[in-house]
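Residue-level listing of the chains:
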Amino acid sequence: MFKSSWTYHEAPESTDHIQIKEQYELYINGAFTKPVEGKYFDTINPSNNQKIASIAEASKKDVDKAVKAAKKAFKGWAALSGKERGKYIFRIARLIQERAREFAVIESLDGGKPIRESRDIDIPLAANHFFYYAGWADKLAYAFPNRKVKPVGVAGQIIPWNFPLLMAAWKLAPALATGNTVVLKPAETTPLTALKLAEIIHDSGLPKGVVNIVTGAGATGAEIVNHPEVDKIAFTGSTGVGKYIQNAIAGTHKKVTLELGGKGANIIFEDAAIDQAVEGIINAIFFNQGHVCCAGSRLFVQESVANVVIQKLKDRMETLIVGDPLDKNTDIGAINSKKQLQTIENYIKIGLNEGGEIYQPNCNLPKKGNWCAPTLFLNVSQSHRIVQEEIFGPVLAIQTFRTIDEVIEKANNTPYGLSAGVWTQTGSKIFHLTQKLNAGVIWANTFNKFDATSPFGGYKESGFGREGGLHGLSSYVTFD
Ligand code: ADP
């Protein structure tokens, strides 16, 4: 994902022919609809903090309209054959591919991530997700042999701002393949690609009410969670909001899946291919500015190679380009919002106050917008807050270890259990660690690789339920 320093310069991606409206409405019952209370909020470009567009803010009444539309559409959609449902989902996948450039530019403008990432990772993976689940739509009898499955009903889906289109795809595709209808809410700082997706869904001819997209902040999300006619909540976001949702639906009929925070351990053994491991460390923590729930934000290096790994890591950090998300050379884009920048800066202060030794490369951060230099901390231990708490930014905490048992104990010693990485040339070590690490996703000699066919999800305070793969179908069906 990160290229080593290049010798030529490509022009920034142009915004010509990218259609962004001045004002966006809600997508309810197959129509772009003004919010009942007439309220709008701004979506901001985090690389210069300028307004991009006005976005409708859905109130309780709008959410109710969306849920009612989804409920009305449910019977017909669930009764369609899997083959017919699959055709619509395939069509959505193809339309995303056709408009991939537009999606990539808008994703980078609205969210701040480097265009190389939105172009090569987010948007193609989002299309893949629709293709993959379109393929399952007429094969549910094979997914659940000898069981009679039914869709759950109306799914309320609430997604975060770090992978806006991709998270919409992760949630919508399996829900539609299994015959559910949906009310989806994108995050308030990154609504634009979900609204573009609404246009595509409209163009695909999907029956009205099957997918409704409402925009707004936490209050709108809470209206979805608390609506009595929503049958399932699928949430990706912070552990704090995840806990709130679980409390809010306790005692109701609603099914729920929660994909929450993480504090992934990235473990480098002395027999690892060191240069590849260094690239892997960079990718694990600086991909998407570290706004990644499965980021490798805790690095554990075996003591005998610690000096060389840390030196190479510092050298490599010097080559990282922080800047304009639309520049194809950019490695690290803008921090998604002022609020998130404050959170990250606060954690950097906490790290310093707790005695951590900071390292940041010499990089010229742009004057306007939200920026954070890639940062690492040495001299930290298990009890430091920056080792325990999710920062969700480009900040890495480094510790060393001597034995396998020691690193397993340290790696598992957080409230989270989402991801981990293991770097070694020894296969048996990989198998040993994958058994012992409490993490839903464990990468070996790589990091932050995603694929529609692989289940993703966490343990402990990282949540429950799996998205992706065959497992991703289960949370959208009930059994007779
Ligand atoms: P962050 O704190 O990093 O912004 P959040 O977990 O607050 O992440 O946001 C993830 C998603 O959850 C967003 O779409 C946000 O609007 C939504 N959200 C925030 N608060 C609530 C809530 N109380 N109920 C439902 N959704 C919420």
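None of these values were measured; they are calculated from a predicted model. (Residues numbered from 1 in each chain as written. Predicted model: local features only at pLDDT ≥ 70, side-chain atom pairs only at ≥ 80, totals over all residues. Heavy atoms only, no water.)

K.L.:
In this structure, what is going on with the overall build of the protein chain? I would like to understand it.
P.N.:
The helix and strand tally for the protein chain stands at 16 helices and 22 strands. By the compact-globule yardstick of 23 Å for 480 residues, the protein chain fits well, its C-alpha radius of gyration being 22 Å. Along the longest, intermediate and shortest principal axes, the C-alpha atoms of the protein chain span 65 × 50 × 40 Å. The long-range share in the protein chain, meaning contacts at least 24 apart out of those at least 6 apart in sequence, stands at 75%. (Helix = DSSP H or I, 4+ residues; strand = E, 2+ residues; numbered from the N terminus. Rg over C-alpha atoms; globule rule 2.2 N^0.38 Å. Contact = heavy atoms within 4.5 Å.)

K.L.:
For this particular structure, what's the right way to read the site of the ligand?
P.N.:
If you check the shell around the ligand, you find 17 residues, and the closest are Ile159, Trp161, Lys185, Glu188 and Ser238. Between the ligand and the protein, one listed contact pairs an oxygen atom with a side-chain N or O atom of Glu188 at 2.7 Å. Coverage of the ligand by the protein amounts to 82% of the 560 Å² it exposes when considered alone. Within the residue set of the shell around the ligand, elements represented by two or more residues are α8 (218–226), β10 (232–236) and α9 (239–249). Here the element with the most residues in the shell around the ligand is α8; it accounts for 3 residues. Of the residues that constitute the shell around the ligand, the class distribution is 10 nonpolar, 5 polar and 2 charged. (Near = heavy atom within 4 Å. Polar contact = N/O pair within 3.5 Å; in protein donor to acceptor, adjacent residues only side chain to side chain. Areas by Shrake-Rupley, 256 points an atom, 1.4 Å probe, with all protein chains shown as cover. Nonpolar A, V, L, I, M, F, W, Y, C, P; charged D, E, K, R; others polar.)

K.L.:
Help me understand the sheet that holds strand β5 (residues 50–56), please; the structure alone is not making it clear to me.
P.N.:
Backbone-to-backbone hydrogen bonds join strands into a sheet, with any given pair of strands oriented parallel or antiparallel. The mixed open sheet is built from 3 strands, whose spatial order is β1-β5-β4. The sheet is open, and its two edges are formed by β1 (23–24) and β4 (40–45), each paired on a single side. Here 6 bridges tie β4 to β5, and the two strands are oriented antiparallel to one another. Within the sheet, the bridge partner assigned to Phe41 lies in β5 and is Ile55. (Pairing = 2+ DSSP bridges.)

K.L.:
What should I look at first to understand the layout of surface pockets in this one?
P.N.:
Gaps left between atoms show up when a probe the size of a water molecule is rolled over them. Considered as a void within the structure, the largest pocket measures approximately 1,000 Å³ in volume. What lines the largest pocket is a set of 41 residues, and nearest its centre among them are Trp161, Glu188, Ser238, Lys339 and Gln340. Per-element accounting of the lining of the largest pocket gives the leading share, 5 residues, to helix α12 (residues 338–353). Residue composition of the lining of the largest pocket, grouped by class: 19 nonpolar, 15 polar and 7 charged. Contributing to the lining of the second largest pocket are 15 residues, with Lys449, Phe450, Asp451, Ser454 and Pro455 lying nearest its centre. Of the residues contributing to the lining of the second largest pocket, the split by class is 9 nonpolar, 3 polar and 3 charged. (1 Å grid on protein atoms, 1.4 Å probe; cavity = no way out; pocket = protein on both sides within 12 Å on 5 of 7 lines; lining within 4 Å. Points joined across faces, edges and corners; volume = space filled by probe spheres on them.)

K.L.:
Help me understand the nonpolar core, please; the structure alone is not making it clear to me.
P.N.:
Here is a general trend for soluble globular proteins: nonpolar side chains tend to be buried in one another's company. The biggest cluster of nonpolar side chains holds 108 residues, and the ones touching the most others in it are Ile96, Phe130, Leu197, Leu313 and Ile398. The residues touching Ile96, leaving out its near neighbours within four places in the chain, are Phe103, Ile123, Ala127, Phe130, Leu165, Leu197 and Ile200. (Core = buried A, V, L, I, M, F, W, Y, C linked by side-chain atoms within 4.5 Å. Buried < 20%, exposed > 50% of the residue type's maximum accessible area, 1.4 Å probe, protein only.)

K.L.:
Any chance you could explain unusual backbone geometry here in plain terms?
P.N.:
Trans peptide bonds make up the majority, and among non-glycine residues the majority have a negative phi. Despite not being glycine, Asn49 has its phi angle at roughly 60°, a positive value. Here Asn49 shows up in the loop between β4 and β5. Of note in this structure, Phe392 is not a glycine but carries a positive phi near 60°. If you trace the backbone, Phe392 turns up in the loop between α13 (385–388) and β16 (395–401). By relative accessible area, which is 17% here, Phe392 ends up buried.

The values reported here are purely geometric and, on their own, carry no functional implication.
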